[in-house]
Amino acid sequence: MFKFKNLFEKSPFVSMVEHIEKVSICLDELEKLLLAVRDKEFSRMEEIANTITIYEKEADAIKDQARKILTSHYYIPFDKGEILSILTAQDGIADICQDVAKLYTLRNMEVPKELENDFDEFSKVVISVARKGVDTVKKLNNLFEVGFKGDEVEDVITIIKELEIAEDKADEVGIRFTKKIITLEGKESPIAIYMWMRIIKVMGDLANISEKLSNRFRLLLN
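Residues numbered from 1 in each chain as written. Predicted model: local features only at pLDDT ≥ 70, side-chain atom pairs only at ≥ 80, totals over all residues. Heavy atoms only, no water.

Engineer: Let's hear about the overall build of the protein chain: which residues, and what values?
Structural biologist: When helices and strands are tallied, the protein chain shows eight helices and zero strands. Start at the N end of the protein chain and walk to the C end: the helices and strands fall as α-α-α-α-α-α-α-α. Principal-axis analysis of the C-alpha atoms places the extent of the protein chain at approximately 70 × 30 × 25 Å. Within the protein chain, the fraction of its 222 residues that count as buried is 48%. Relative to all contacts within the protein chain whose residues are 6 or more apart in sequence, the contacts with residues 24 or more apart total 82%. As displayed, the protein chain offers around 10900 Å² of accessible surface, 51% of which is attributable to carbon and sulfur atoms. Across the protein chain, 33 positive and 41 negative side-chain charges occur, with their mean positions spaced 2 Å apart. (Helix = DSSP H or I, 4+ residues; strand = E, 2+ residues; numbered from the N terminus. Buried < 20%, exposed > 50% of the residue type's maximum accessible area, 1.4 Å probe, protein only. Contact = heavy atoms within 4.5 Å. Areas by Shrake-Rupley, 256 points an atom, 1.4 Å probe, with all protein chains shown as cover. Lys, Arg positive; Asp, Glu negative; His and termini not counted. Charge placed at Lys NZ, Arg CZ, Asp CG, Glu CD.)

Right under this line is the structure:
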(Lines give C-alpha, C1' and ligand atoms only; values in the text may rest on other atoms or scores of the structure.)
Protein backbone atom coordinates (compact mmCIF):
# COMPACT_ATOMS: atom_id res chain seq x y z
CA MET A 1 0.00 0.00 0.00
CA PHE A 2 1.38 3.41 -1.03
CA LYS A 3 2.03 5.78 1.84
CA PHE A 4 3.07 9.42 1.52
CA LYS A 5 5.14 9.02 4.70
CA ASN A 6 7.34 6.36 3.04
CA LEU A 7 7.90 8.71 0.11
CA PHE A 8 8.91 11.52 2.46
CA GLU A 9 11.57 9.43 4.18
CA LYS A 10 13.38 8.72 0.89
CA SER A 11 12.91 12.02 -0.89
CA PRO A 12 14.33 15.55 -1.26
CA PHE A 13 11.68 16.68 1.20
CA VAL A 14 13.87 15.47 4.05
CA SER A 15 16.55 17.91 2.91
CA MET A 16 13.95 20.65 2.50
CA VAL A 17 12.88 20.25 6.13
CA GLU A 18 16.52 20.21 7.26
CA HIS A 19 17.06 23.34 5.18
CA ILE A 20 14.08 25.19 6.64
CA GLU A 21 15.40 24.46 10.13
CA LYS A 22 18.63 26.28 9.22
CA VAL A 23 16.57 29.10 7.72
CA SER A 24 14.58 29.28 10.93
CA ILE A 25 17.81 29.68 12.91
CA CYS A 26 18.88 32.51 10.61
CA LEU A 27 15.57 34.19 11.36
CA ASP A 28 16.00 33.66 15.10
CA GLU A 29 19.43 35.26 14.90
CA LEU A 30 18.12 38.17 12.85
CA GLU A 31 15.53 38.84 15.52
CA LYS A 32 18.34 38.93 18.11
CA LEU A 33 20.32 41.27 15.89
CA LEU A 34 17.40 43.69 15.60
CA LEU A 35 17.18 43.81 19.38
CA ALA A 36 20.92 44.49 19.53
CA VAL A 37 20.47 47.31 17.00
CA ARG A 38 17.77 48.84 19.15
CA ASP A 39 19.97 48.59 22.26
CA LYS A 40 23.09 49.88 20.42
CA GLU A 41 25.06 46.70 21.23
CA PHE A 42 27.45 47.02 18.31
CA SER A 43 29.87 44.23 19.20
CA ARG A 44 26.92 41.87 19.67
CA MET A 45 25.57 42.92 16.28
CA GLU A 46 28.82 41.83 14.65
CA GLU A 47 28.79 38.54 16.53
CA ILE A 48 25.22 37.76 15.50
CA ALA A 49 25.86 38.77 11.89
CA ASN A 50 28.75 36.27 11.77
CA THR A 51 26.49 33.57 13.20
CA ILE A 52 23.87 34.24 10.52
CA THR A 53 26.56 33.86 7.84
CA ILE A 54 27.55 30.46 9.25
CA TYR A 55 23.99 29.14 9.23
CA GLU A 56 23.29 30.62 5.81
CA LYS A 57 26.25 28.68 4.40
CA GLU A 58 25.00 25.50 6.06
CA ALA A 59 21.58 26.14 4.52
CA ASP A 60 23.22 26.55 1.10
CA ALA A 61 24.92 23.16 1.41
CA ILE A 62 21.62 21.46 2.25
CA LYS A 63 19.89 23.34 -0.59
CA ASP A 64 22.45 22.03 -3.06
CA GLN A 65 21.87 18.49 -1.80
CA ALA A 66 18.10 18.84 -2.24
CA ARG A 67 18.51 20.31 -5.73
CA LYS A 68 20.76 17.42 -6.73
CA ILE A 69 18.03 14.95 -5.80
CA LEU A 70 15.33 16.99 -7.49
CA THR A 71 17.24 17.22 -10.76
CA SER A 72 17.94 13.47 -10.77
CA HIS A 73 15.56 10.76 -11.99
CA TYR A 74 14.04 10.41 -8.53
CA TYR A 75 10.25 10.20 -8.82
CA ILE A 76 7.94 12.39 -6.72
CA PRO A 77 4.19 12.87 -7.27
CA PHE A 78 4.61 16.65 -7.49
CA ASP A 79 5.86 19.03 -10.13
CA LYS A 80 9.62 19.24 -9.58
CA GLY A 81 9.67 22.82 -10.82
CA GLU A 82 7.24 23.84 -8.10
CA ILE A 83 9.31 22.05 -5.45
CA LEU A 84 12.43 23.83 -6.69
CA SER A 85 10.63 27.18 -6.51
CA ILE A 86 9.68 26.46 -2.88
CA LEU A 87 13.28 25.54 -2.09
CA THR A 88 14.53 28.70 -3.80
CA ALA A 89 12.06 30.87 -1.87
CA GLN A 90 12.91 29.38 1.51
CA ASP A 91 16.61 29.79 0.73
CA GLY A 92 15.86 33.42 -0.14
CA ILE A 93 14.79 34.00 3.46
CA ALA A 94 18.21 32.91 4.74
CA ASP A 95 19.95 35.02 2.09
CA ILE A 96 18.00 38.13 3.02
CA CYS A 97 18.61 37.59 6.74
CA GLN A 98 22.29 37.72 5.90
CA ASP A 99 21.81 40.82 3.73
CA VAL A 100 19.98 42.66 6.51
CA ALA A 101 22.68 41.74 9.02
CA LYS A 102 25.38 43.07 6.69
CA LEU A 103 23.55 46.36 6.21
CA TYR A 104 23.15 46.95 9.93
CA THR A 105 26.82 46.25 10.61
CA LEU A 106 28.33 48.21 7.71
CA ARG A 107 28.41 51.40 9.77
CA ASN A 108 26.99 50.42 13.17
CA MET A 109 23.52 51.77 12.49
CA GLU A 110 21.91 53.59 15.41
CA VAL A 111 18.16 54.02 15.63
CA PRO A 112 17.35 57.74 16.00
CA LYS A 113 15.05 58.42 18.93
CA GLU A 114 12.35 59.67 16.55
CA LEU A 115 12.34 56.28 14.80
CA GLU A 116 12.41 53.92 17.78
CA ASN A 117 8.70 53.05 17.78
CA ASP A 118 8.55 52.68 14.00
CA PHE A 119 11.70 50.54 14.04
CA ASP A 120 10.25 48.21 16.66
CA GLU A 121 6.91 47.88 14.89
CA PHE A 122 8.45 47.27 11.47
CA SER A 123 10.96 44.75 12.81
CA LYS A 124 8.28 42.77 14.62
CA VAL A 125 5.83 42.61 11.73
CA VAL A 126 8.47 41.58 9.17
CA ILE A 127 9.82 38.86 11.46
CA SER A 128 6.24 37.70 12.01
CA VAL A 129 5.64 37.38 8.26
CA ALA A 130 8.88 35.47 7.74
CA ARG A 131 8.18 33.21 10.69
CA LYS A 132 4.81 32.21 9.23
CA GLY A 133 6.46 31.47 5.90
CA VAL A 134 8.94 29.18 7.63
CA ASP A 135 6.16 27.53 9.64
CA THR A 136 4.34 26.43 6.48
CA VAL A 137 7.32 24.38 5.31
CA LYS A 138 7.87 22.98 8.79
CA LYS A 139 4.47 21.32 8.37
CA LEU A 140 5.78 19.09 5.55
CA ASN A 141 6.44 16.10 7.77
CA ASN A 142 2.94 16.19 9.26
CA LEU A 143 1.37 16.68 5.83
CA PHE A 144 3.08 13.57 4.49
CA GLU A 145 1.92 11.57 7.51
CA VAL A 146 -1.73 12.40 6.76
CA GLY A 147 -1.47 12.25 2.98
CA PHE A 148 -1.94 16.00 2.46
CA LYS A 149 -5.50 16.07 3.73
CA GLY A 150 -7.57 16.82 6.81
CA ASP A 151 -6.87 19.17 9.68
CA GLU A 152 -3.16 19.50 8.88
CA VAL A 153 -4.00 21.05 5.52
CA GLU A 154 -6.46 23.43 7.17
CA ASP A 155 -3.78 24.43 9.69
CA VAL A 156 -1.38 25.33 6.88
CA ILE A 157 -4.06 27.30 5.02
CA THR A 158 -4.76 29.22 8.22
CA ILE A 159 -1.05 30.09 8.59
CA ILE A 160 -0.94 31.26 4.97
CA LYS A 161 -3.98 33.48 5.43
CA GLU A 162 -2.45 34.99 8.57
CA LEU A 163 0.76 35.59 6.65
CA GLU A 164 -1.08 37.47 3.90
CA ILE A 165 -2.66 39.79 6.47
CA ALA A 166 0.68 40.33 8.21
CA GLU A 167 2.44 41.03 4.89
CA ASP A 168 -0.11 43.74 4.06
CA LYS A 169 0.55 45.27 7.46
CA ALA A 170 4.31 45.12 6.82
CA ASP A 171 3.78 47.14 3.65
CA GLU A 172 1.76 49.76 5.54
CA VAL A 173 4.25 50.02 8.38
CA GLY A 174 7.15 50.17 5.94
CA ILE A 175 5.59 53.11 4.09
CA ARG A 176 4.96 54.93 7.35
CA PHE A 177 8.51 54.21 8.51
CA THR A 178 9.89 55.54 5.21
CA LYS A 179 7.91 58.77 5.52
CA LYS A 180 9.22 59.25 9.05
CA ILE A 181 12.81 58.80 7.85
CA ILE A 182 12.32 61.44 5.16
CA THR A 183 11.37 63.95 7.86
CA LEU A 184 14.86 63.50 9.34
CA GLU A 185 16.62 65.00 6.32
CA GLY A 186 18.90 67.70 7.67
CA LYS A 187 19.05 66.06 11.11
CA GLU A 188 20.65 62.83 9.96
CA SER A 189 23.50 62.53 7.45
CA PRO A 190 22.65 61.69 3.81
CA ILE A 191 24.41 58.33 4.16
CA ALA A 192 22.35 57.49 7.25
CA ILE A 193 19.13 58.35 5.40
CA TYR A 194 20.25 56.23 2.45
CA MET A 195 21.14 53.29 4.69
CA TRP A 196 17.78 53.39 6.44
CA MET A 197 15.99 53.47 3.10
CA ARG A 198 18.05 50.52 1.95
CA ILE A 199 17.34 48.58 5.13
CA ILE A 200 13.60 49.13 4.78
CA LYS A 201 13.75 47.91 1.18
CA VAL A 202 15.62 44.73 2.08
CA MET A 203 13.43 44.06 5.13
CA GLY A 204 10.45 44.47 2.82
CA ASP A 205 12.04 41.90 0.50
CA LEU A 206 12.12 39.48 3.44
CA ALA A 207 8.37 39.84 3.90
CA ASN A 208 7.78 39.52 0.15
CA ILE A 209 9.86 36.35 -0.30
CA SER A 210 8.09 34.82 2.70
CA GLU A 211 4.71 35.49 1.08
CA LYS A 212 6.01 34.03 -2.18
CA LEU A 213 7.11 30.92 -0.28
CA SER A 214 3.67 30.44 1.24
CA ASN A 215 1.95 30.96 -2.12
CA ARG A 216 4.19 28.35 -3.74
CA PHE A 217 3.58 25.98 -0.86
CA ARG A 218 -0.18 26.43 -1.20
CA LEU A 219 0.05 24.85 -4.66
CA LEU A 220 1.08 21.56 -3.04
CA LEU A 221 -2.23 21.51 -1.21
CA ASN A 222 -4.40 21.77 -4.33
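Back to the write-up after that little detour.
Engineer: Could you give an account of the nonpolar core, naming the residues involved and the relevant values?
Structural biologist: By size, the foremost hydrophobic cluster in this structure holds 71 residues, and its most contacted members are Leu-30, Tyr-104, Leu-140, Trp-196 and Leu-206. Contributions of two or more residues to this core are made by helix 2 (12-38), helix 3 (42-70), helix 4 (80-106), helix 5 (116-138), helix 6 (140-145), helix 7 (151-182) and helix 8 (190-220). The biggest single contributor to this core is helix 8, with 13 residues. For Tyr-104, the contacting residues outside a window of four places in its chain are Leu-33, Leu-34, Val-37, Met-45, Met-109, Phe-119, Trp-196 and Ile-199. (Core = buried A, V, L, I, M, F, W, Y, C linked by side-chain atoms within 4.5 Å.)

Engineer: Which residues make up the packing of helix 3 against helix 4, and what are the values?
Structural biologist: Orientation of helix 3 relative to helix 4, taken along the N-to-C sense of each, is 165°, at an axis distance of 9 Å. Between helix 3 and helix 4, the angle falls in the class roughly antiparallel. Crossing geometry of helix 3 relative to helix 4 is assigned as left-handed. Split into classes, the residues belonging to the contact of helix 3 with helix 4 amount to 13 nonpolar, four polar and eight charged. (Axes fitted to C-alpha atoms, helices over the stretch in contact; angles between N-to-C directions. Parallel < 35°, antiparallel > 145°, perpendicular 65-115°, else oblique. Left-handed = near helix turned anticlockwise from the far one by under 90°. Nonpolar A, V, L, I, M, F, W, Y, C, P; charged D, E, K, R; others polar.)

Engineer: Give me the lowdown on the side chain of Glu-56, citing residues and values where you can.
Structural biologist: Structurally, Glu-56 can be placed in helix 3. Of the buried charged residues, Glu-56 lacks a salt bridge, with Lys-63 as the closest side chain of opposite charge at 6.2 Å. In contact with Glu-56, not counting residues within four places along its chain, are Cys-26, Ala-94, Asp-95 and Gln-98. (Salt bridge = Lys/Arg side-chain N within 4 Å of Asp/Glu carboxyl O.)

Engineer: With reference to specific residues and values, describe empty space enclosed by the protein.
Structural biologist: Inspection of the entire model under this criterion finds one cavity of 30 Å³ or more. Taken as a whole, the largest cavity holds about 30 Å³ of empty space. Along the walls of the largest cavity sit Tyr-104, Phe-119, Phe-122, Ser-123, Phe-177, Ile-199, Ile-200 and Met-203, which together make up its complete lining. Mapped by element, the contributors of at least two residues to the lining of the largest cavity are helix 5 and helix 8. For the lining of the largest cavity, a count of residues per class yields seven nonpolar, one polar and no charged. (1 Å grid on protein atoms, 1.4 Å probe; cavity = no way out; pocket = protein on both sides within 12 Å on 5 of 7 lines; lining within 4 Å. Points joined across faces, edges and corners; volume = space filled by probe spheres on them.)

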